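Observations on the three-dimensional arrangement
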Amino acid sequence: MLFSSKGKHRRPSKATRVATLAGVTGVAVAAPLMAAGQASAATNSEWDAVAQCESGGNWSINTGNGYTGGLQFSSSTWAAYGGTKYAPSADKASKAQQIEIGEKVLAGQGKGAWPSCGVGLSGASNEGGGAQESAPQQTQEQPKSQPTPQTEQPQQAAPKAAPKTESKKTVETPTGKKVKKGDGEYKVEKGDTLSKIAEAEKVKGGWHKVYKLNGDIIDNADMIYPGQQLHLS
């Protein structure tokens, strides 16, 4: 079939893709500008040969397949290379106007824009670059974002000193058991017994008195522990 295997600009250049995207999104981007002096210019007879191959030489053809005109431009390629200044689509433009846009496509994309039919075009490689493309220019510069001023962080008050913990009210036995410490004036030392304490401190009533005075912390008269504080009077 005539239009099914010709390529028809299926590989637009980077500049073309950018310009096409601009047309879709509404961002104003300049179309590719071609440098002065079309080093890739082909002759009219060569363009006639391309049109004959692409469209049977019909410069006004539009079959509804997305490609129009003798050189079978896609709508995006036609717009990207400035064709819409002549007509909304290539089939509505003159042969000379189509060739003019064809020269720009040839300079930008090379013969590869017409993979099968463009092999006879002179002055350009398969990948283009016969004339330099200028980078697309944005017409509107996006405003630079202003740094958000940092709000001053409120100074946190220094943490209050933790209240002094109360002195422990228990002592630990050799077996790891916790027993009441008491608040008496005599501190039990290692090796003490109630009898030794009563005798050494001359407690009237002996160990019985000491036991009675400290009944709240002593459960067994034979079991007192270092660190306990015993009342002696």
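Here is a short report on the structure shown in this document. (Residues numbered from 1 in each chain as written. Predicted model: local features only at pLDDT ≥ 70, side-chain atom pairs only at ≥ 80, totals over all residues. Heavy atoms only, no water.)

Quick look at the overall build of the chain
For the record, the criterion: Only DSSP runs of H or I with at least four residues qualify as helices, and only runs of E with at least two residues qualify as strands; both kinds are numbered from the N terminus onward. The contact criterion used is simple: two residues touch if any of their non-hydrogen atoms lie within 4.5 Å. Computed with the Shrake-Rupley method and a 1.4 Å probe, the accessible areas treat only the protein chains shown as cover for residues.
Check the secondary structure of the chain and you find six helices and six strands. In sequence order, the secondary structure elements of the chain are arranged as α-α-β-β-α-α-β-β-β-α-α-β. Counting only contacts in the chain whose residues sit at least 6 apart along the sequence, the fraction spanning at least 24 positions is 57%. For the chain, the exposed area adds up to about 14,800 Å²; of that, 52% sits on carbon and sulfur atoms.

Concerning the nonpolar core
Test applied: What makes a nonpolar core is a set of buried Ala, Val, Leu, Ile, Met, Phe, Trp, Tyr and Cys residues whose side-chain atoms join them at distances within 4.5 Å. Classification of residues uses two cut-offs on accessible area relative to the type maximum, computed with a 1.4 Å probe and protein chains only: under 20% is buried, over 50% is exposed, and between them is partly exposed.
Grouped together as the largest cluster of nonpolar side chains are 21 residues, with contacts concentrated most on Trp 47, Val 50, Leu 71, Phe 73, Val 105, Trp 114 and Leu 121. Those elements that provide at least two residues to this core are helix H2 (44-55), helix H3 (75-80) and helix H4 (95-109). Per-element accounting of this core gives the leading share, four residues, to H4. Ignoring anything within four residues of it in the chain, the contact list for Val 50 reads Leu 71, Trp 114, Cys 117, Gly 118 and Leu 121. Core analysis: the second largest hydrophobic core is formed by 13 residues, Val 210, Ile 217, Ala 221 and Ile 224 among them.

Concerning the packing of H2 against H4
Under the convention used in this document: Each axis is a line fitted through C-alpha atoms, and for a helix only the stretch in contact is used; angles between axes span 0 to 180 degrees, taken between their N-to-C directions. When describing relative orientation, an angle under 35 degrees is termed roughly parallel and one over 145 degrees roughly antiparallel, while 65 to 115 degrees is termed roughly perpendicular and anything else oblique.
With their axes 11 Å apart at the nearest point, H2 and H4 run at an angle of 90° to one another. Taken together, the axis directions place H2 and H4 in an arrangement best described as roughly perpendicular. Here Asn 44, Trp 47 and Asp 48 of H2 lie close against H4, whose contacting residues are Lys 95, Ile 99, Gly 102, Glu 103 and Leu 106.

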